[in-house]
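Here is what each chain is made of, one letter per residue.
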Amino acid sequence: TIPRRRPSLGVAPSVWAVHPAARAAYPRRAQLDAVHWVPLADLDRPDVQSEFVFKLPGAQKRFPSYFVVGEHVWGMTYGILNRFLALIG
């Protein structure tokens, strides 16, 4: 990431091909609220393209997002997925 007001953070995304019937081993619940499996093809649909509104005291910022399973995928995760989808065409 590009540090602005936070320390630099290195992220190494990885991609795995799994059988459609595969089940995930989930991390401890204290580390997450939910896990969703979403086919990559779903992220390319126009109706999934959305915008996340981040509310700040007295202001708000808008970020591009994917809206899937009732949740916004935005920020760094959106950027990683968006670039990956562009690479695989």
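Residues numbered from 1 in each chain as written. Predicted model: local features only at pLDDT ≥ 70, side-chain atom pairs only at ≥ 80, totals over all residues. Heavy atoms only, no water.

S.K.: Honestly, helix H2 (residues 75-88) in this entry has me stumped. Any pointers?
M.R.: Within an α-helix, residues lying three or four positions from one another point in the same direction, as the helix has 3.6 residues per turn. End to end, H2 covers 20 Å across 14 residues, agreeing with the expected 20 Å (1.5 Å per residue, within 8%). Note on H2: the residue one or two positions beyond its end, Gly89, has a positive phi of about 70 degrees. (Helix = DSSP H or I, 4+ residues; strand = E, 2+ residues; numbered from the N terminus. Expected span 1.5 Å × (residues − 1).)

S.K.: Explain the sheet that holds strand E3 (residues 71-74) here, please?
M.R.: Through backbone hydrogen bonds, the strands of a sheet pair up, either in parallel or in antiparallel fashion. Read across the sheet, 3 strands follow the order E1-E2-E3 without closing on themselves; strand pairing throughout is antiparallel. In this open sheet, the two edge strands, each paired with only one partner strand, are strand E1 (49-56) and E3. Strand after strand, the sheet turns through a mean of 55 degrees between neighbouring axes, direction not considered. In the sheet, strand E2 (residues 59-68) pairs with E3 via 4 bridges, with the strands oriented antiparallel. Paired with Ser65 across the two strands is Trp74, which belongs to E3. Contacts between H2 and the sheet are confined to E1, E2 and E3, with E3 contributing the most and set at about 70 degrees to the helix. (Pairing = 2+ DSSP bridges. Axes fitted to C-alpha atoms, helices over the stretch in contact; angles between N-to-C directions. Contact = heavy atoms within 4.5 Å.)

Coordinates in, geometry out; function isn't part of it.
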